[in-house]
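Below are the chains, spelled out letter by letter.
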Amino acid sequence: MRAVARVNLDAISSNIRVLRERVDVPLMAVVKADAYGHGLVPVARAAVDAGAQWIGTALLAEGLELRRQGVTTSHVISWLSPPGDDFAAAIEENVDLSASSIELLEEINAAATLLGKRARVHLEVDTGMTRAGALGQWDQLVQRGAELMKSGNIEVVGVWSHFARADEPGHPANAAQKNSFDHALEVVSAAGIEPQVRHLANSAATLMDPSSHYDLVRTGIVMYGLSPDVTTLGSATKYDLTPAMTLVASLMLVKEVPSGVAVSYGGTAITKHATKVGVVPMGYADGVPRHGSNALKVNVGDYEAPVLGRICMDQFVIDLGPDSTAKAGDEVVLFGEGGPTVDAWASASGTVNYEIVTRLGPRVAREYFGVGA
Ligand SMILES: *Cc1c(COP(=O)(O)O)cnc(C)c1O
């Protein structure tokens, strides 16, 4: 075992239950990007078993993969389709789609008409994030949606938007976005559309602002037991959430080095005294952030060993201290249970916990434990 990400499916289930107790509306388990690096299918199954009635993915390929792997009991929505995506497959496999523009809605309708089936579509409105979602075109998009519900093969099942700053509770931008969403919903009802679900909240809004929940909340990061932002919202444990991932590797080599030697590419670290160093056989090709050079810490048993020098593509060096009894083959906990938190890694490498778990590459094996593994 060189490197493995251990994923605790019981933590996922427990987090879903905690969230379901907190909110009065159904939950969408967001499993985009290989379930934030945790593994698309096992996480989706655990989430469904724990009561998530919806599954959300970014890419259509992810939504289709879930259907083909037998995740059929929940609604699945994929919200990031460019023109030319396989809308026919989405309609056949009962994957809901999102439309931010009339052009895309027409393309979905054309695919549905060819199949002689109705496509389930969520209209996305830009309420202030200025990313996806219709802005100036909203009224026309809604109008066209209403027409295609009558004469075409479109069923508008949802209306939705996304927060830009939900991790800054109380920021006026959040109230402005809710306001804008309410206006967008008025346009929808004036057009005679009664959507089954109106949804706006991500994890941060789910935790902090019940008035943003509408009919459905889309929870991603919290489901993995991580806080949307430790500085503004506090750590995940404060909300009874349990981190689901532990990243471990096997020490490849332990050796004694004298004082004053330069370590790794560029010699950016120089040993201050004679010590033992360990070589960890993981690197940035696996998702260990190179920005964590000379900054990350890992655990070897109880010992917190700092990274010495640059993180390389496949390996990095840690300072085990002169008295270490560690030996090759010992387990190194990079983060998770028995090691630093994902948040500590994020702050040491200048990024967010989302990126730390999501960036783990395909070379890192995933091992599942807990019920359903
Ligand atoms: C990723 C994503 C979410 C989930 O965000 P979290 O902050 O992880 O809860 C919700 N909605 C959309 C549109 C997203 O892209």
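These notes cover the structure that comes with them. (Residues numbered from 1 in each chain as written. Predicted model: local features only at pLDDT ≥ 70, side-chain atom pairs only at ≥ 80, totals over all residues. Heavy atoms only, no water.)

### Let's talk about the overall build of the protein
In terms of helices and strands, the protein carries 12 helices and 19 strands. Taken over 373 residues, the protein has a buried fraction of 54%. Put simply, of all contacts in the protein between residues at least 6 apart along the chain, 66% involve residues at least 24 apart. Counting every atom, the protein has about 15,700 Å² of accessible surface; 51% of that belongs to carbon and sulfur. (Helix = DSSP H or I, 4+ residues; strand = E, 2+ residues; numbered from the N terminus. Buried < 20%, exposed > 50% of the residue type's maximum accessible area, 1.4 Å probe, protein only. Contact = heavy atoms within 4.5 Å. Areas by Shrake-Rupley, 256 points an atom, 1.4 Å probe, with all protein chains shown as cover.)

### A few points about the site of the ligand
The full set close to the ligand counts 14 residues, and K32, Y36, S203, I221 and Y354 are the nearest of them. Here H162 contributes a side-chain N or O atom positioned 3.5 Å from a nitrogen atom of the ligand. At a separation of 2.8 Å, an oxygen atom of the ligand approaches a polar backbone atom of I221. When each cavity is represented as a set of grid points, the ligand is found to reside in the largest pocket. Looking at the shell around the ligand, the elements with two or more residues in it are α2 (32-36) and β9 (217-219). (Near = heavy atom within 4 Å. Polar contact = N/O pair within 3.5 Å; in protein donor to acceptor, adjacent residues only side chain to side chain. 1 Å grid on protein atoms, 1.4 Å probe; cavity = no way out; pocket = protein on both sides within 12 Å on 5 of 7 lines; lining within 4 Å. Sits in = over half its atoms within 2 Å of the grid points.)

### Notes on the packing of aromatic side chains
If you walk through the whole model with that rule in mind, you get five aromatic pairs. Ring centres 6.1 Å apart and planes at 35° place the aromatic pair Y36 and Y354 in the tilted group. Taken together, the residues span a long stretch of sequence, with Y36 in helix α2 and Y354 in helix α12 (residues 353-358) at a distance of 318 residues. Using a relative accessible area of 7% as the deciding quantity, one classes Y36 as buried. With centroids separated by 5.6 Å and ring planes inclined at 45°, the aromatic side chains of W79 and W160 adopt a geometry described as tilted. Here W160 lies in strand β7 (residues 154-160) and W79 lies in the loop between β4 (75-78) and α5 (87-92), a separation of 81 residues in the sequence. An aromatic cluster is built from Y36, Y224 and Y354, whose rings are joined through pairwise contacts. (Phe/Tyr/Trp six-rings, centres within 6.5 Å; stacked < 30°, edge-to-face > 60°.)

### What to know about the nonpolar core
Judged by nonpolar contacts, the single largest core of 117 residues is most densely connected at V31, W138, M282, F316, I318 and L334. With seven residues, helix α3 (residues 40-49) is the single largest residue contributor to this core. Among all residues touching F316, those that are not within four sequence positions of it are G278, V279, V280, M282, V288, V298, V307, R310, I311 and L334. Of all hydrophobic cores here, the second largest spans six residues; its members include V257, V277, L308 and V317. (Core = buried A, V, L, I, M, F, W, Y, C linked by side-chain atoms within 4.5 Å.)

### Describing empty space enclosed by the protein
It is a probe the size of a water molecule, rolled over the atoms, that shows where empty space is left. Counted under the stated rule, the structure contains one cavity of 30 Å³ or more. Here the largest cavity is characterised by a volume of approximately 50 Å³. Lining the largest cavity are E124, V125, D126, T127, M129, R131, A132, S161 and H162. Residue classes in the lining of the largest cavity are distributed as three nonpolar, three polar and three charged. (Points joined across faces, edges and corners; volume = space filled by probe spheres on them. Nonpolar A, V, L, I, M, F, W, Y, C, P; charged D, E, K, R; others polar.)

None of this, on its own, says anything about what the molecule does.
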